[in-house]
Number of protein chains: 2
Amino acid sequence: MKYGIGIDIGGTKVSMVLGTRKGKIIGRRQIPTLKHSRAKECVANIVDNLEELIKEKKILRGNIKGIGVGIPGAVDSAKGIVPRSPNLQGWKGIPLARILKNKFKKPVYMTNDANAAGMGEKVFGQAKKLKHMIYITVSTGVGGGIISHGRLLEGANYVGGEIGHITIVPNGNRCNCGQRGCLEAYASGTAIAKTVNRAVRTGKGKSLQKRFKKKSGFSAKEIAIAANKGDRFALEVFKEAGNYLGIGIGTLLNIFNPDSIIIGGGVMKSAPKIHWKAMLKSAKKHSWPEPFKKVKIKRTKLKDEVGNLGALALVFDKD
Amino acid sequence: MKYGIGIDIGGTKVSMVLGTRKGKIIGRRQIPTLKHSRAKECVANIVDNLEELIKEKKILRGNIKGIGVGIPGAVDSAKGIVPRSPNLQGWKGIPLARILKNKFKKPVYMTNDANAAGMGEKVFGQAKKLKHMIYITVSTGVGGGIISHGRLLEGANYVGGEIGHITIVPNGNRCNCGQRGCLEAYASGTAIAKTVNRAVRTGKGKSLQKRFKKKSGFSAKEIAIAANKGDRFALEVFKEAGNYLGIGIGTLLNIFNPDSIIIGGGVMKSAPKIHWKAMLKSAKKHSWPEPFKKVKIKRTKLKDEVGNLGALALVFDKD
């Protein structure tokens, strides 16, 4: 049973990989995420693609250990039913784990995508052998996968690890989740874009307007490009976002005292250096010396494969 | 091996109990905590008192399973050496676990006092059989004991669970720990007293001055007494403190998604009802519906025994 299947279900695409227990990917498929009335069609497409992939790579069924699925939202990993998720309209309630189990006659492990990413770091990444590790993804939102005593912290009803939604500013900015003052409302790509676009409306950020030859609607990625080219306004915004991210990390340090924090996601990939620096400085300021000295704060090395490897890791975690 | 010994070491007294695996206390001793150059004398006193207690209760050595010790600070429970602690001057570095083990030839389990209290709830209290539970103590400071997957979360170097020191107000009030904006700096008894005494200096709280016939230096307990008698100013201060406590609890709910949060400590015992109400309202506001609906937030029933039973629980946890 050398192989596993990893399925990373996102709002725009479904990525499927066939991989080894060492995390080597030997084949992959990618299909668009169909939504609303076409959700079930998408599930059928997943099954078809996997069948083809297995055939193509000439893998014996007996050599496949299981299927791991990472998916947004509060997944009950015992039941494996797709939960409510704003980016997967029409999917809620689909018994995805059971469907896959019936089709492939293999165990199916399904969990939240950020949790899966944490497992990817634990099984294939920089957190092997670590008992206390936190994976943080900073992209459109801010998510987390927490490994405590070597186990994924899912909580009593599978919403554990929602570190993007800890309150860092009482009565602060409105977050997409409905709360106010969440870490995500200050440190995510969405927050960075919002801050800039709000400022632009009040006459700031003329340099951005010139650079991108548009008046409004700057994305976090565009702002990062400008910052990396030395745009002062964009740099300042990233510095602030890094500072807020550090507040959240400081809180996690004092609560968990982890061996390691590993950070990934689109914002981390594109952000200017000042963002990382501000994050570290703020994490130090907002935590005790003991956990701050102990922790290693690192960038993920799994990069774009973190979703795939996270899903695959669910299969091999129990080994 | 029916009996265990629990030792709760505090800044003013050392409490020792002899108890059963059901948490029944059958004998106890209490001695003052000697500090500075007399710390080692105090350890000798602990040993003497335990010897006497065992003799007095006619317990056979063979019926004693082990010794549990709860102590303030970041205890390395594997080593059992007394850590740095502002309230235990002169104790730092004493190999207490080894001393007790050599004297009594029994296993010694030593951990942070708030962590021990969490174990008390797990082994003897309302959290039996719960996998995800957080004990919060609100007294002079704010501390926590986190049970995750049925195990005490101690972290990589035993400073885990310091929930009093999560940042809830960026650049906020100075905390005793040196950070700014900690939960403890807003929700502890110390914080409540500070808020009131600061306000009194600017001419507020005349009702308190009248009630206690003094001009300044009101304690959290006095403020609670006034609040329970309907003093508006004192009630308002407790409402605010409850609100801040709820912010911290909301953060814990979104991170841990626990089955239960159990709260104890002097402030909880004396606070007016509005404090609990404000805490609940704020916890709801600062967390997602899923974890808030799931969690049961309760007062400890272990009351004044929580320290003793916590230490005792360390002995029986492994059963």
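Note that this is a predicted model, so its numbers are computed, not measured.

**Things to note about the overall build of chain A**
Step number 1: Each helix and strand in chain A was counted, giving twelve helices and ten strands.
Step number 2: On C-alpha atoms alone, chain A measures out to a radius of gyration of 20 Å, which is about the 20 Å that the 2.2 N^0.38 rule sets for 319 residues.
Step number 3: Dimensions of chain A, computed from C-alpha atoms along their principal axes, come out at roughly 60 × 45 × 35 Å.
Step number 4: Within chain A, buried positions represent 60% of all 319 residues.

**Notes on helix 3 (residues 113-123) of chain B**
Residue and element names in this part refer to chain B.
Step number 1: Along helix 3, ten of the eleven residues are buried, which leaves the element largely enclosed by surrounding structure.
Step number 2: Within the span of helix 3, buried status applies to A114, N115, A116, A117, G118, M119, G120, E121, K122 and V123.
Step number 3: Two or three places before A114, at the start of helix 3, stands the capping residue N112, its side-chain oxygen 2.9 Å from that residue's backbone nitrogen.

**A short note on the interface of chain B and chain A**
Step number 1: Listed by partner, the interface residues are 43 residues for chain B and 43 residues for chain A.
Step number 2: When chain B packs against chain A, the two sides together hide about 3,800 Å² of surface, and 56% of this comes from carbon and sulfur.
Step number 3: For the salt bridge of A:E290 with B:R84, the shortest nitrogen-to-oxygen distance reads 2.6 Å.
Step number 4: Our count for the contact surface shared by chain B and chain A stands at 31 residue pairs in polar contact (both at pLDDT 80 or more).
Step number 5: Of all the secondary structure elements, the ones that give two or more residues to the side of chain B that touches chain A are strand 7 (142-148), strand 8 (151-152), helix 8 (232-256) and helix 11 (289-294) of chain B.
Step number 6: At six residues, the largest contribution of residues to the side of chain B that touches chain A is made by helix 8 of chain B.
Step number 7: Residues belonging to the side of chain B that touches chain A are distributed by class as follows: 19 nonpolar, 16 polar and eight charged.

**Quick notes on the sheet that holds strand 5 (residues 108-112) of chain B**
All names here are of chain B.
Step number 1: Strand order in the open sheet formed by five strands is 3-2-1-4-5, and the pairing between neighbours is mixed. A strand with exactly one partner marks an edge of an open sheet, and here the two such strands are strand 3 (25-32) and strand 5. For this sheet, the mean angle separating the axes of adjacent strands, direction not counted, is 15°.

So, how was this worked out
Residues numbered from 1 in each chain as written. Chains lettered and ligands numbered in written order. Predicted model: local features only at pLDDT ≥ 70, side-chain atom pairs only at ≥ 80, totals over all residues. Heavy atoms only, no water. Helix = DSSP H or I, 4+ residues; strand = E, 2+ residues; numbered from the N terminus. Rg over C-alpha atoms; globule rule 2.2 N^0.38 Å. Buried < 20%, exposed > 50% of the residue type's maximum accessible area, 1.4 Å probe, protein only. Polar contact = N/O pair within 3.5 Å; in protein donor to acceptor, adjacent residues only side chain to side chain. Contact = heavy atoms within 4.5 Å. Buried area = accessible area lost by both parts, 1.4 Å probe. Salt bridge = Lys/Arg side-chain N within 4 Å of Asp/Glu carboxyl O. Nonpolar A, V, L, I, M, F, W, Y, C, P; charged D, E, K, R; others polar. Pairing = 2+ DSSP bridges. Axes fitted to C-alpha atoms, helices over the stretch in contact; angles between N-to-C directions.

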